[in-house]
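Structural overview for review
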Amino acid sequence: MRTYYPKYIEKEVYNRTLSVARSYFDDLKKIKILKNENKSIEFKRQIELLEYRTQAVEKTLSEFNEEERKAINQNIIKGIPIINCNVNLSERSIITLRKEFIKNLAINLGELI
């Protein structure tokens with residue numbers, strides 16, 4: 001399946017932003033594991049980076065209403081195809097939400113100005 005890149009975001013930025021969103025739940029698990037493990041400086045830096053990424057995703061999700069968050073969670077974060085998302089939104093609406101979420105997340109991560 002072809003990936004459609006938005007015109008206003010470079011391919012590399014789009015891929016990095018999408019990667020951060022898709023790794024959200026894995027990042028939360030890693031934070032818990034690392035906090036229980038060692039307290040060395042390298043672990044603290046890694047925890048700070050993971051927390052920065054998860055906070056950016058949470059901040060971006062908070063900008064949308066409950067139904068939109070559910071669609072974003074299913075489609076982008078969990079990777080469920082738009083057709084199979086269990087929400088009361090049209091495919092076109094989900095595509096628009098997806099674009100807005102990725103753009104806002106890139107801004108929150110400092111990838112876009």
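Procedures and definitions
Residues numbered from 1 in each chain as written. Predicted model: local features only at pLDDT ≥ 70, side-chain atom pairs only at ≥ 80, totals over all residues. Heavy atoms only, no water. Axes fitted to C-alpha atoms, helices over the stretch in contact; angles between N-to-C directions. Helix = DSSP H or I, 4+ residues; strand = E, 2+ residues; numbered from the N terminus. Parallel < 35°, antiparallel > 145°, perpendicular 65-115°, else oblique. Contact = heavy atoms within 4.5 Å. Buried < 20%, exposed > 50% of the residue type's maximum accessible area, 1.4 Å probe, protein only. Core = buried A, V, L, I, M, F, W, Y, C linked by side-chain atoms within 4.5 Å.

1. Looking at the packing of helix α1 (residues 11–22) against helix α5 (residues 91–109)
Interhelical geometry of α1 versus α5 gives an angle of 95° and a closest axis separation of 10 Å. Accordingly, the angle class assigned to the pair α1 and α5 is roughly perpendicular. Along its contact with α1, which presents Val13, Tyr14, Thr17, Leu18, Val20, Ala21 and Arg22, the element α5 presents Arg98, Phe101, Ile102, Leu105, Ala106 and Leu109.

2. Observations concerning the environment of Ile9
Along the chain, the position of Ile9 falls in the segment before α1. For Ile9, a relative accessible area of 5% puts it in the buried group. Sequence separation between Ile9 and Ile102 is 93 residues; the distance between their C-alpha atoms is 9.2 Å. When sequence neighbours within four positions are dropped, the list of residues in contact with Ile9 reads Tyr14, Ile102, Lys103 and Leu112.

3. A closer look at the nonpolar core
Formed by 25 residues in total, the largest nonpolar core has its most connected members in Val57, Ile76, Phe101, Ile102 and Leu105. Broken down by element, the residue count for this core peaks at 7 residues, all from α5. The residues touching Ile102, leaving out its near neighbours within four places in the chain, are Ile9, Tyr14, Thr17, Leu18 and Ile76. Ile31, Leu34, Phe43 and Leu50 belong to the second-largest nonpolar core, a separate cluster that totals 5 residues.

In short, the description is geometric, and any link to function would need to be established separately.
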